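Next come the chains, spelled out residue by residue.
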Amino acid sequence: MRDWVKDQIDRVVLDTDRPLIISDADEVLFQFVRGLEAFLETAGLYLDLSSFRLSGNIKNKTTNETYPIDDVPNLLAEFFAERTRHLEVVEGAQNVLNSLRGDAQIVVLTNVPAEQKADRVSALERNGLDFPVIANSGDKGPAAAYLATRVEAPIVFIDDIPPNLDSVKQHANHIHCVHFVSHPRLSELIEAMDFEHPRAKSWMELDKIIRDHLFD
Ligand SMILES: [Mg+2]
């Protein structure tokens, strides 16, 4: 884990005895794919959702040519710089998390570029999701495991990307990892693949899974 990630975690106020929810942001709290599609549209590009990946699936609307994979990181950096503030929140996230906050503590663990952390925080606040935010990079397991060392109550982790769930399980096996992809088509795509983690299809379903694990 990078020092700047560890520093952010050290600054989060956590209660040892309070159940913890660690939530991803993109495609869990925010409509990442919808926002990305709108951004790509302005650049004459589109996202081919025939498989679950970004690189190789960004294509030119006119020629249908694949956007050069080497240039995707720069394109995504541009997207985050321009759109992080404006992404729309996922239906149900605000209600469910605000009803859970009475009995649990909530932390957002997001792989947003460090430069856009402030934009992410303000977008969350604007949507009534004023929780501590940790801007991470790469694997999420080390950061989640480090957070977990500070809590002796049950912990749930939610993410849309299976390798992130795998990474958290690997580093802290006691964390209950739940898979949630808010975008309906992406969710269907991923459902066809066989993953070991429990899945939710909406924040209503997440609400039940979280409550069953944290409070029963
Ligand atoms: Mg995500």
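Caption draft 1: Fine view of the domain arrangement of the protein chain. We note that the domain assignment places domain 1 (3–31 + 87–215) and domain 2 (33–85) within the protein chain. Between the C-alpha centres of domain 1 and domain 2 the distance comes to 24 Å. The interface of domain 1 with domain 2 comprises 20 residues on the first partner and 14 residues on the second. A combined buried area of about 1,600 Å² lies between domain 1 and domain 2, and 64% of that area is made up of carbon and sulfur atoms. Between the two partners, domain 1 and domain 2, sit one salt bridge. As a salt-bridge pair, Arg-85 and Asp-119 come within 3.5 Å of each other at their nearest N and O atoms. On the surface where domain 1 and domain 2 come into contact, there are five residue pairs in polar contact (both at pLDDT 80 or more). Where the side of domain 1 that touches domain 2 is concerned, the elements lending two or more residues are helix H5 (117–126) and helix H8 (184–191). Looking at the side of domain 1 that touches domain 2, its residues break down into nine nonpolar, four polar and seven charged.

Caption draft 2: Here's a closer look at the coordination of the magnesium ion. Here the magnesium ion is held by Asp-24 (OD), Asp-26 (O) and Asp-160 (OD), and the distances to it run 2.0 to 2.2 Å. The sequence motif formed by the donor residues of the magnesium ion is D-x1-D-x133-D. Residue Asp-26 is located in the loop between strand E1 (20–23) and helix H2 (32–42), and its partner Asp-160 is located in the loop between strand E6 (155–159) and helix H7 (162–171); the two are separated by 134 residues in the primary sequence. For Asp-160, a relative accessible area of 8% corresponds to the buried category.

Caption draft 3: The packing of aromatic side chains, seen in detail. Under the defined criterion, the tally for this structure stands at five aromatic pairs. Look at Phe-32 and Phe-79: their rings are 5.5 Å apart centre to centre, the planes differ by 85°, and that puts the pair in the edge-to-face class. Highlighted residues: Phe-32 in helix H2 and Phe-79 in helix H3 (residues 72–83), separated in sequence by 47 residues. Side by side, Phe-32 and Phe-79 carry an identical accessibility label, which is buried. Among the aromatic side chains, those forming a connected cluster through ring pairs are Phe-32, Phe-39, Phe-79 and Phe-80.

Reading the values: the criteria
- Residues numbered from 1 in each chain as written.
- Predicted model: local features only at pLDDT ≥ 70, side-chain atom pairs only at ≥ 80, totals over all residues.
- Heavy atoms only, no water.
- Domains from an automatic or database assignment.
- Contact = heavy atoms within 4.5 Å.
- Buried area = accessible area lost by both parts, 1.4 Å probe.
- Salt bridge = Lys/Arg side-chain N within 4 Å of Asp/Glu carboxyl O.
- Polar contact = N/O pair within 3.5 Å; in protein donor to acceptor, adjacent residues only side chain to side chain.
- Helix = DSSP H or I, 4+ residues; strand = E, 2+ residues; numbered from the N terminus.
- Nonpolar A, V, L, I, M, F, W, Y, C, P; charged D, E, K, R; others polar.
- Donors = N, O, S within 2.8 Å, 3.2 Å for Na, K, Ca; no water.
- Buried < 20%, exposed > 50% of the residue type's maximum accessible area, 1.4 Å probe, protein only.
- Phe/Tyr/Trp six-rings, centres within 6.5 Å; stacked < 30°, edge-to-face > 60°.

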